[in-house]
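Descriptive structure summary
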Amino acid sequence: MKLVFERTSGLNCNSISWLMVGLQLLSQPVWTGFFSFWVWSFCRNDLLFRAIKEEKYAARRAILPMLQAEEDERFVKEWRKYLEEEARIMKDVPGWKVGESVYHSGRWMPPATGEMRPEVW
């Protein structure tokens with residue numbers, strides 16, 4: 001019986017598996033670095049966007065009283081026109097009180113300002 005001692009390429013199942021283990025061990029620091037950079041940039045951007053959002057909300061809170069005053073002024077003008085129109089239309093109805101609510105629930109409800117703004121529709 002003859003024994004064959006030939007040189008092989010060296011790539012058998014065992015050597016390939018150790019090669020894969022070695023590549024994984026070498027690439028793990030790279031992936032850890034990428035992940036760490038991603039977490040750092042995510043947190044940095046989150047802080048940045050949170051600061052921008054807080055600045056935007058602060059600006060809105062600062063301007064809100066002025067916007068509300070302008071809306072109140074507009075509403076009073078429209079309400080006066082509405083009451084004059086109601087008085088003109090209902091002048092012949094006995095017992096009608098201009099500006100009095102037809103609902104007697106005892107609760108105050110803010111008027112729907114959209115009803116008096118047909119230009120918005």
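In what follows, the accompanying structure is described. (Residues numbered from 1 in each chain as written. Predicted model: local features only at pLDDT ≥ 70, side-chain atom pairs only at ≥ 80, totals over all residues. Heavy atoms only, no water.)

This part takes up the pattern of salt bridges. For the structure shown, the criterion picks out 6 salt bridges. Taking the shortest distance from any N to any O, the salt bridge between E54 and R61 comes out at 3.0 Å. The class for E54 is partly exposed, based on a relative accessible area of 43%. For K81, the salt bridge is made with E78, and the minimal N-O distance between the two is 3.9 Å. Here K81 pairs with E78, and both are found in helix 1 (residues 13-89), just 3 residues apart, close to one helical turn. Judged by its relative accessible area of 53%, K81 falls in the exposed class. (Salt bridge = Lys/Arg side-chain N within 4 Å of Asp/Glu carboxyl O. Buried < 20%, exposed > 50% of the residue type's maximum accessible area, 1.4 Å probe, protein only. Helix = DSSP H or I, 4+ residues; strand = E, 2+ residues; numbered from the N terminus.)

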